Amino acid sequence: MEQLPGGRRLRLASSLGLGQRCWEVTLDDERGLLAWRDPRPPRRGADNCFVPTSEIIAVEETELNKKQRSIGKWQKMAKPHAFTVYYVKKARNHRWRCRDVTFWCADEILCNQWIQALKELLEMQTCRPKQLLVYINPYGGKRQGKRIYEQKVAPLFSLASISTDVVVTEHANHAKDNLFEVNINKYDGVVCVGGDGMFSEVMHGLIGRMQKDSGIDQNNPKAPLVQCNIRIGIIPAGSTDCVCYSTVGISDPVTSALHIIIGDCQPLDVSSVHQNNTFLKYAVSLLGYGFYGDVLKDSEKKRWMGPMRYDYSGFKTFLSHHYYEGTISFQPAKHTLGSPRDKDSCRTGCYICKESERQLAEQRKKCGFKHEDEEEWKVIKGKFLAINVVNMCCACPRSPKGLSPAAHLADGSADLILVRKCSRFDFLRYLVRHTNKDDQFDFSFVDVYRVKSFQFTSKLSEDNESSVTDIGKKHFGQFCRDHPACCCNIANSTWNCDGETLDSSAIEVRVHCQLMKLFARGIEENCKDEAAYSHSSVEQLL
Ligand SMILES: CCCCCCCCCCCCC/C=C/[C@@H](O)[C@H](COP(=O)(O)O)NC(=O)CCCCCCCCCCCCCCC
Ligand SMILES: Nc1ncnc2c1ncn2[C@@H]1O[C@H](COP(=O)(O)OP(=O)(O)O)[C@@H](O)[C@H]1O
Ligand SMILES: [Ca+2]
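Parameters at a glance
Residues numbered from 1 in each chain as written. Chains lettered and ligands numbered in written order. Predicted model: local features only at pLDDT ≥ 70, side-chain atom pairs only at ≥ 80, totals over all residues. Heavy atoms only, no water. Domains from an automatic or database assignment. Contact = heavy atoms within 4.5 Å. Buried area = accessible area lost by both parts, 1.4 Å probe. Salt bridge = Lys/Arg side-chain N within 4 Å of Asp/Glu carboxyl O. Polar contact = N/O pair within 3.5 Å; in protein donor to acceptor, adjacent residues only side chain to side chain. Nonpolar A, V, L, I, M, F, W, Y, C, P; charged D, E, K, R; others polar. Donors = N, O, S within 2.8 Å, 3.2 Å for Na, K, Ca; no water. Helix = DSSP H or I, 4+ residues; strand = E, 2+ residues; numbered from the N terminus. Buried < 20%, exposed > 50% of the residue type's maximum accessible area, 1.4 Å probe, protein only.

Asks: Got a minute to help me understand the domain arrangement of the protein chain in this structure?
Replies: Buried accessible area, meaning the area lost when the parts come together, often serves as the stated size of an interface. Here the protein chain is partitioned into domain 1 (2-125), domain 2 (126-265 + 519-542) and domain 3 (270-513). Each partner contributes residues to the interface: domain 2 has 32 residues there, and domain 3 has 35 residues. Carbon and sulfur atoms supply 61% of the area buried between domain 2 and domain 3, which totals about 2800 Å² over both sides. At the junction of domain 2 and domain 3, the tally comes to zero salt bridges. Linking domain 2 to domain 3 there are 11 residue pairs in polar contact (both at pLDDT 80 or more). Of the residues in the side of domain 2 that touches domain 3, the class split is 11 nonpolar, 15 polar and six charged.

Asks: In this structure, what is going on with the coordination of the calcium ion (ligand 3)? I would like to understand it.
Replies: Put simply, the ideal angle at a metal is 109.5 degrees for four donors in tetrahedral geometry and 90 or 180 degrees for six donors in octahedral geometry. Donor atoms from the polypeptide that coordinate the calcium ion (ligand 3) comprise D269 (OD), N391 (O), H408 (O), D411 (OD) and S413 (O), at 2.2 to 2.8 Å from the metal. Donor residues for the calcium ion (ligand 3) sit on one chain with the sequence pattern D-x121-N-x16-H-x2-D-x1-S. Placement of N391 in the loop between strand 18 (378-390) and strand 19 (414-420) and of D411 in the loop between strand 18 and strand 19 is noted, with a sequence separation of 20 residues between them. Under the relative-accessibility criterion, N391 is labelled buried at 2%. Look at D411 and you get buried, because its relative accessible area is 0%.

Asks: Whenever I open this one, the side chain of S239 confuses me. Can you help?
Replies: For S239, the position within the fold is in the loop between strand 13 (231-236) and helix 6 (242-248). Residue S239 is classed as buried on the basis of its relative accessible area, which comes to 16%. At 3.0 Å, the side chain of S239 and the side chain of R309 are in polar contact. When neighbours within four sequence positions are excluded, S239 is seen to be in contact with G141, P307, R309, Y310 and R398.

And the structure:
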């Protein structure tokens with residue numbers, strides 16, 4: 001143990017070779033930092049660096065090749081000893097990469113001391129997974145799932161000494177069904193390689209398994225569900241990858257693999273969807289009726305187009321301009337501190353999520369779950385082009401700030417967005433605002449509420465007995481006969497539930513605060529992070 005002038009203790013501090021020169025390398029236990037500094041006076045471009053030990057991926061003893069040994073002062077050394085540290089390098093736009101640095105020294109004992117110390121520190125990171133169960137959807141997105149996993153992810157897992165059991169799915173629901181059978185306690189996490197649909201499948205398997213093992217009836221919409229502590233990691237290889245993008249800040253397989261390796265943890269709200277005391281689905285990103293339901297339904301027939309199918313069906317659905325009538329009831333989320341019109345978004349370590357979860361737990365301790373049904377319900381009837389309930393911002397490459405930019409990942413609430421009947425031109429203006437910085441809620445025909453439960457009944461199912469419904473049932477998708485040009489649809493739309501279609505026109509939705517966890521940390525504040533790694537700040541740390 002070394003002592004710094006300020007009295008701070010370091011686990012190790014040595015002069016080690018890096019490239020052709022000697023660098024001061026320190027391992028600071030208290031701050032959890034590995035740092036290396038060029039001891040010569042700072043000059044432009046001098047590469048002083050540090051890495052939090054929590055972001056070290058692996059450390060290995062290294063054999064130096066001839067070329068490396070023939071440079072600089074190491075040339076004179078009989079047999080230099082070396083070790084390589086692999087670590088996370090944060091690049092622009094939330095992208096992470098694996099970088100490595102190799103240090104050399106003449107003293108074998110010193111080299112081993114460094115390797116030992118770094119390995120001990122890695123062992124102490126108990127949040128890191130050691131054994132993972134991996135499901136790959138070979139048909140998701142551009143059908144690259146298997147290649148992405150084998151070429152970009154598996155080598156990193158093996159570098160980090162993570163063992164894996166890999167299942168390449170053979171049919172839809174393969175992963176979900178398998179999760180009910182496997183010895184789940186063997187694993188520290190489940191990884192899905194695919195899109196939002198594949199993630200949804202794995203999530204259903206895990207949450208369902210957890211309820212089954214705890215004797216909870218998923219068909220009871222009021223049952224307090226058991227939290228799922230086995231984390232899910234998403235390697236994006238789908239068409240939208242909204243869950244990955246909204247929880248990491250980018251859809252990039254290497255970045256996601258690194259978040260899994262270092263054992264990040266992000267709790268996530270999950271909505272349960274029921275109809276007449278029958279469980280239908282869970283949702284974490286978008287539950288959309290009208291526009292997004294119709295886009296999804298049409299796009300399913302065009303799977304061969306890959307991710308482009310959404311643009312094609314989006315354009316087609318936009319032109320069809322159908323609206324749907326129905327009644328919405330919801331309970332406002334009073335426990336949350338935020339509002340959907342906030343300027344600030346949910347970011348790593350979000351205070352609003354933590355505080356909202358705390359308040360919700362406190363309320364439930366005081367009044368119990370049952371009391372919640374008696375809380376105020378608001379009812380809205382109308383004609384809607386889109387009804388969206390989102391548990392998270394739903395950012396994706398198509399819409400970098402998402403459907404509701406201020407929605408929170410883990411605050412126990414969802415944002416209900418109602419887009420009322422309006423002109424095609426106005427709806428286009430609304431859609432375009434998903435792609436730029438302007439406020440997409442600043443329209444007279446758009447309303448947004450933060451809710452903790454929600455119900456919807458389409459007018460068609462309300463008027464079940466009427467003759468119009470019969471016509472609608474027989475001629476699904478047919479336009480209103482009385483007004484061929486009015487775009488009202490006498491058929492129901494379908495729900496888009498995280499990219500899966502749900503045909504029910506009457507549903508009950510309830511948000512379950514932090515029901516599950518991901519290997520992620522939420523989106524990090526951008527520029528501040530990058531500044532923290534600048535050269536000047538490293539001076540203060542050493
Ligand atoms: C004019 C440009 C308008 C761009 C509007 C972009 C809005 C994008 C919002 C995306 C929200 C995504 C929510 C997540 C949904 C996913 O769960 C789910 C499943 O994902 P998976 O396939 O990876 O399994 N994905 C989806 O349902 C896809 C939704 C994508 C909708 C794209 C709509 C494009 C609309 C284009 C309209 C063009 C009008 C042009 C008129 C001249
Ligand atoms: N082997 C398979 N064959 C066919 N469908 C599958 C298979 N594995 C998973 N699926 C299903 O494919 C659907 C879409 O997968 P996803 O990975 O989300 O791709 P995309 O983002 O392109 O929609 C999911 O609903 C999933 O259940
Ligand atoms: Ca939420």
